[in-house]
Structure formats: structure tokens, C-alpha cells
Amino acid sequence: PWCRFNCQCFETPHHLFTVCPRFAEFRDDATQSLRAAVCTTLETFQLNPTNLPEIMMIIMNLFADSSCWPTARSFYYLGIIPPIHFPTGEILQHLTGIQHQRLHQ
């Protein structure tokens, strides 16, 4: 049951997806890609949500155990993300009809 990549841990999905050093580069690349995509979306729609620091903190910690997760344990590999509280009224009031449709695609 030990990690096949010579870690001194049990090989669990959680270990492989969030802790295993073998996949650290993949997690880092995914974090940077996600950060770039979110920044591009915010710039495209000319959005600057008041909770941008919270959103960026979640992005930077999505693939790791951290306080952004309700249980401080990442579950992204199960298709679960931590709660993000969007100030929807603030965002939506600045969007045109087309921007609103594209944002929800």
C-alpha cells in the first residue's frame, strides 16, 4: 500500500493528487494555468470583485490541503471545489447582456 513513487506514505488518491512530490510540477502548472484563466476572464469582462484576494487565495491553494477548504483537506480530485462567495450584484450590474451570457457558458 506504500506509494509506488517511493514516498513514505500510503498510496491513496488524496496522497497522489495533493501531496505526492512526483506530481508537484503538474499541480503547480495547473495552479498557474487556472490563475491565468481567471485573470483573463476578469480582465475580459472588466471585473474587479471586492473579494478578489479570497478568490486568488482559493486558486493558489486549490490543489493542496489548506484553510480555503472547509475541512482543510483538498477534494478537487473528486470534482469538489471550496465555497467561493461571489458578490453577484456587484459583478452583474456592470455586465452587458452578451457578457452575462458568456460568463454563464
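Residues numbered from 1 in each chain as written. Predicted model: local features only at pLDDT ≥ 70, side-chain atom pairs only at ≥ 80, totals over all residues. Heavy atoms only, no water.

**Quick notes on the packing of helix H2 (residues 24-44) against helix H3 (residues 52-61)**
Helix-helix packing is described using two parameters, namely the angle between the two axes and the distance between the axes. Interhelical geometry of H2 versus H3 gives an angle of 155 degrees and a closest axis separation of 9 Å. By the angle between their directions, the pair H2 and H3 is classed as roughly antiparallel. Contact with H2, carried on its side by Thr31, Gln32, Leu34, Arg35, Val38, Cys39 and Leu42, involves Leu52, Ile55, Met56, Ile59 and Met60 of H3 and no other residues of that element. In terms of residue class, the contact of H2 with H3 is built from 9 nonpolar, 2 polar and 1 charged. (Axes fitted to C-alpha atoms, helices over the stretch in contact; angles between N-to-C directions. Helix = DSSP H or I, 4+ residues; strand = E, 2+ residues; numbered from the N terminus. Parallel < 35°, antiparallel > 145°, perpendicular 65-115°, else oblique. Contact = heavy atoms within 4.5 Å. Nonpolar A, V, L, I, M, F, W, Y, C, P; charged D, E, K, R; others polar.)

**Observations regarding the pattern of salt bridges**
For the coordinates displayed, the defined rule picks out 1 salt bridge. Residue Glu11 is joined to Arg4 by a salt bridge in which the shortest nitrogen-to-oxygen separation is 2.5 Å. Under the relative-accessibility criterion, Arg4 is labelled exposed at 61%. (Salt bridge = Lys/Arg side-chain N within 4 Å of Asp/Glu carboxyl O. Buried < 20%, exposed > 50% of the residue type's maximum accessible area, 1.4 Å probe, protein only.)

**Let's talk about unusual backbone geometry**
You will see that Asn6, though not glycine, has its phi angle at about 65 degrees, which is positive. Mapped onto the elements of the fold, Asn6 is located in the segment before helix H1 (13-19). Positive phi, normally seen in glycine, also occurs at Ala72, with a value near 60 degrees. Residue position: Ala72 is located in the loop between H3 and helix H4 (88-92).

**Considerations on the side chain of His15**
Locating His15 in the fold gives a position in helix H1. Residue classification places His15 among the buried positions, given a relative accessible area of 6%. Setting aside its immediate chain neighbours within four residues, His15 contacts Cys3, Cys7, Cys9, Phe10 and Cys20.

**Describing the environment of Ile55**
Mapped onto the fold, Ile55 is located in helix H3. Judged by its relative accessible area of 8%, Ile55 falls in the buried class. Linking Ile55 and Cys68, residues 13 residues apart in sequence, is a C-alpha distance of 9.7 Å.

**Brief notes about H3**
Along H3, the residues that are buried comprise Ile55, Met56, Ile58 and Ile59. Taken down its axis, H3 places every buried residue within 160 degrees of arc, on the same side. Summarising the contacts, the buried residues of H3 are in contact with H2. (Arc of directions from axis to C-beta.)

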